[in-house]
Protein chains: 2
Amino acid sequence: MTKDRRLTSQSEDFAAWYTEVVQAAGLVDYSPVRGCMVIKPYGYAIWELMQSALDGLFKATGHQNAYFPLFLPQSALDREAEHVEGFAPQTAVVTHAGGEELEEPLVVRPTSEAVIWPVVANWIQSYRDLPVLLNQWANVVRWELRTRPFLRTTEFLWQEGHTAHAIAEEAREEARRMLAVYREFMEEWMAMPVVTGEKTPSERFAGAERTFACEALMKDNKALQAGTSHDLGQNFARAFEVQYQTEEGRHEFVWNTSWGVSTRLIGGLIMTHGDDQGLSLPPRLAPYQLVIVPIWKSDEQRQSVLEKAELLRAGLAGGVRVHIDDRENMTPGAKYFDWERRGVPLRMEVGPRDVEKSQVVLVSRTASAEDRKRFVGDAEALATIPEMLIDLQAGVRREAERRRAENSVRGLADYGEFKARMEGSGGFVYAGWCGDERCEQKVKQDTKATIRVLPDPEFRSEEPPERCLCCGESADHEALWAKAY
Amino acid sequence: MTKDRRLTSQSEDFAAWYTEVVQAAGLVDYSPVRGCMVIKPYGYAIWELMQSALDGLFKATGHQNAYFPLFLPQSALDREAEHVEGFAPQTAVVTHAGGEELEEPLVVRPTSEAVIWPVVANWIQSYRDLPVLLNQWANVVRWELRTRPFLRTTEFLWQEGHTAHAIAEEAREEARRMLAVYREFMEEWMAMPVVTGEKTPSERFAGAERTFACEALMKDNKALQAGTSHDLGQNFARAFEVQYQTEEGRHEFVWNTSWGVSTRLIGGLIMTHGDDQGLSLPPRLAPYQLVIVPIWKSDEQRQSVLEKAELLRAGLAGGVRVHIDDRENMTPGAKYFDWERRGVPLRMEVGPRDVEKSQVVLVSRTASAEDRKRFVGDAEALATIPEMLIDLQAGVRREAERRRAENSVRGLADYGEFKARMEGSGGFVYAGWCGDERCEQKVKQDTKATIRVLPDPEFRSEEPPERCLCCGESADHEALWAKAY
């Protein structure tokens, strides 16, 4: 693909658009190992911004980072029955090391519950050692048949929180607290509205008592599970003998949680805000919030516009991530095209006339066509750009909320209407569910739609649905249905 | 080991002291997988401070972070002959994944040259795409027979820089620049003086043209290789066909470098500053620079000392990492002991009398006995603690420099004196070398000492040594000899 080829449009083929945009925007490259992606500097810079924000939120809620090994003995994975059943088919296994066959094969972690709890069990003696609130930033490996950059890769980067508590309610609260932290991050930083709620038993994390999730609606009207938080009950505590002594001297098993988000979030960001021109980044997660494109013909002009660009950069440096694109051998137009494709929220053009007039041209990535291009005096630019970025952040969030509202329905007449919708536009459908897994399965077979979550109260309909979408029996729950990644 | 057991003293058994202190200070734990360590929150917090400082230095020198896969096909590793010879015996190999045997085994990266260059080759067309200046924070695996926490573990965390340049001199300069960055970090942050220089051919990185290193002297008078930077010439460019088109239209191979430091640095930090009381952290890398220990008997006292502690913490929060140790069921003395063991640079004691008198007690981890404990008024404490930390940083560095000077010798009379020294106190010895690998090997067999580096000019003796330490022939180089980790 040449750099200035147009992308396939989203309406024509969303999957092709996605595959093209992740490469054209310089986010990823493929690697010689099937299903493993290379995260290029521009993509990794987005991940670093995500990490920094999430890490701050985790620490503010009392969590500490640690690091546990990449490998676990097969026998450790085997100790929690549901967990091994869920993960064993996806593992990569080291059988040889140091030139010899290993006595016991080592599994590359697909998640770290079975790595962490056998060790941390020794850190916990009494109730005074609880809660244990850990997080780790790490790579994990799950062997996937069909992979797509960010959305599903064999190796991916993530954070995984792991906590232990003295009582069940505290663990439940922790799982809920971290779900709320994820929601805050997704809405405030990613500008990606989510529906929170609980997964049905068939969609639970392998080994969890309850799984909570954040679900977002992508621009192709498919849902993306963007983060999950698990109340693990005492399943892992029993499997790995994680006990503590109570104040009264009794020995009890702890209550655990785990929760994670991954580089998949970058996929969510792309499919929430991207358009036919390419990526569109909310300012809080944009590696460059403002790109200055200097325009010159003569060497003399070159010097004066670059000097002005540098002054403006320095003036904004405290609060704004600025990049001056001074590449030679590239027209200003080609640069505009490039930075639009890379989703930079704000572009500043500085030409010789702008130097004379003490002004700049500001162009926003997302404003409407008539309002895109503005001439602004230098002083005003310095004063207002930080505010403009805040407004742009709010704007892309409002737009994402508008789009989600437009593509969410409640109170469909019957199952036929639901099937028609899933064959057509897709989107979020709130409808009743009897609680029977067979109905879940039938809907999935008929339409590929699944229950994303049983939504939390604030997302539920004012009039709770009375009947199951599928069987028409009395509804136990309101469910959010959608086709999903 | 109980929490308040005394450590084995350094003079009695340094290796035992090290093994005890890494656990007693809460830095690491062992894992069920041989040779893999768990980095506990307190140890990981040190690593985060190191990462943050280094990452800033890398970005300030124009490098961008990226992420490349954990796995590489065996065939990729095989493409650079010396490289595979050096690393193949140490690799961990995935042979099965997703429940099936793989067609081609995958190697878990021991370092990433062979992962990165086949991919990045495609990012480089012309001279305008150069230099490529990449860094990655990652885990790597090298199967080691004898492992010790931080110093040599099967899996370890590190950063690896990888760069490509149009001309040989630029690559050489880059390798040198990053060596200087490492030295700056080790001296300014770690307060650990290092000798820089070039490795002899027998100690080069597998596949490098030249390897440069930073060598530090530990408290047991053994050397620690703390960081290396490699001028790779065109070896990897040829193996992986990394070419660019020159301004004149010719196709040329690029010139590469790579450079890395790892969690091994934490081992260096421990063995540079630790003492029989435990860890001793330079303030710039201390997770807590100041710990406030509130002292109370009654509940009323408890409230007033905690209030005061909180006020002081808030007053210092902008510039100092403060922790209030309000643990119940632990005497102030036990807390002092604990934080000394963990190496906290500055302790503040706040008791009921200190509340009355608007004063605090300040105790530094490293000041001499008569100067350790000072009564300071509240306002003065707030005003002077940031400065005190700067002074403490400078003090531990001076002490490390003094110790290194005391344990470095030049101009030994003959090989007999060298052997006696290596059997006795050890330390750094500057002496001549004829340039013959056989002398290097003989010295190693006789004394276990090796050439750490051929030191850079500023470290060399005023009078260059005339004779080879070992064979007595004319010396081609001055070499720094020591027993090493």
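These figures come from a predicted structure and were not determined experimentally. (Residues numbered from 1 in each chain as written. Chains lettered and ligands numbered in written order. Predicted model: local features only at pLDDT ≥ 70, side-chain atom pairs only at ≥ 80, totals over all residues.)

Digging into the domain arrangement of chain A
To be explicit about the condition: Throughout the structure description, domain borders are defined by an automatic or database domain assignment.
Segmentation of chain A into domains returns domain 1 (14-273), domain 2 (288-388) and domain 3 (408-482). With centres defined by C-alpha atoms, the gap from domain 2 of chain A to domain 3 of chain A works out at 49 Å.

Points about the environment of A114 of chain B
Residues and elements named next belong to chain B. Convention followed: By definition, any uninterrupted DSSP run of H or I lasting at least four residues is a helix, any uninterrupted run of E lasting at least two residues is a strand, and each is numbered from the N terminus. Remark: C-beta atoms are placed from the backbone, and a residue is labelled buried if 20 or more other C-beta atoms sit within 10 Å of its own, exposed if 12 or fewer do, or partly exposed between those counts.
Mapped onto the elements, A114 comes out in helix α5 (residues 113-120). With 27 C-beta atoms counted inside 10 Å, the residue A114 sits in the buried group. Through-space distance from the C-alpha of A114 to that of P73 is 9.1 Å; in sequence the pair is 41 residues apart.

Considering the sheet that holds strand β17 (residues 346-350) of chain B
All names here are of chain B. Just so we agree on the cut-off: For two strands to pair, DSSP has to find at least two bridges joining them. To obtain an axis, a line is fitted to C-alpha atoms, over the contacting stretch when the element is a helix, and the angle between two such axes runs from 0 to 180 degrees between their N-to-C directions.
Read from one edge to the other, the open sheet built from five strands follows the order β16-β15-β17-β18-β19, with strand pairing classed as mixed. The open sheet is flanked by β16 (322-324) and β19 (373-377), the only strands paired with a single partner. Here the strands of the sheet are splayed against their neighbours by 25° on average, with no regard to which way each runs. Here five bridges tie strand β18 (residues 359-364) to β19, and the two strands are oriented antiparallel to one another.

What about the relation of the copies chain B and chain A?
Keep this limit in mind: The copies were overlaid by least squares, fitting only the C-alpha atoms of residues that reach a pLDDT of 70 or more in each copy. Contacts are defined on C-beta atoms placed from the backbone: any two residues whose C-beta positions lie within 7 Å are in contact.
Overlaying chain B on chain A yields an RMSD of 0.0 Å, the required transformation being a rotation through 180° with an accompanying axial translation of 0.0 Å. The superposition of one copy onto the other is thereby described by a two-fold rotation axis. Taking the C-alpha atom as reference, chain B places V94 of chain B closest to the rotation axis, 2.0 Å from it. Same-surface contact between copies: 100% of interface residues of chain B are shared with the interface of chain A.

Some remarks on the interface of chain B and chain A
One widely used convention gives an interface's size as the accessible area the parts lose upon coming together. Cut-off, in case you're wondering: Following the grouping adopted for this structure description, the nonpolar residues are Ala, Val, Leu, Ile, Met, Phe, Trp, Tyr, Cys and Pro, the charged ones are Asp, Glu, Lys and Arg, and the polar ones are all others, Gly among them.
In this complex, chain B contributes 43 residues to the contact, which on the side of chain A involves 43 residues. Per element, the largest residue contribution to the side of chain B that touches chain A is six residues, and it comes from strand β5 (residues 92-97) of chain B. Broken down by class, the residue content of the side of chain B that touches chain A amounts to 28 nonpolar, ten polar and five charged. Bridge count between strand β5 (residues 92-97) of chain A and β5 of chain B: five bridges; the pairing is antiparallel. Note on β5 of chain B: the bridge partner recorded for A92 of chain A is A97 of chain B.

Some words on the sheet that holds strand β8 (residues 155-165) of chain B
Residues and elements named next belong to chain B. Read across the open sheet, the eleven strands follow the order β3-β7-β8-β14-β11-β10-β9-β22-β23-β21-β20; overall the sheet is mixed. Edge strands, defined here as strands with exactly one partner in the open sheet, are β3 (64-65) and β20 (408-410). Pairing of strand β22 (residues 450-455) with strand β23 (residues 477-482) involves three bridges; the strand directions are antiparallel. Residue pairing for β23: V453 is matched across the bridge by L480.

Remarks on the pairing of strand β15 (residues 290-294) of chain A
All names here are of chain A. For the record, the criterion: Whether a crossover is right-handed comes down to one check: with the strands pointing away from the viewer, does the path from the first strand over the helix to the second run clockwise; if it does, it is right-handed.
Among the five residues that make up β15, five are buried, leaving the element largely enclosed by the rest of the structure. Because side chains alternate across β15, one face comprises the buried residues L290, I292 and P294, and the other comprises V291 and V293, equally buried. Judged from the three bridges that link them, β15 and strand β16 (residues 322-324) form a sheet pairing that is parallel. Across the sheet, residue I292 finds its bridge partner in β16, namely I324. Remark: the β15/helix α9 (residues 299-316)/β16 crossover connection has right-handed handedness. For β15 and strand β17 (residues 346-350), the ladder comprises five bridges, and the chain directions are parallel. Note that in β17 the partner of V293 across the bridge is E349.

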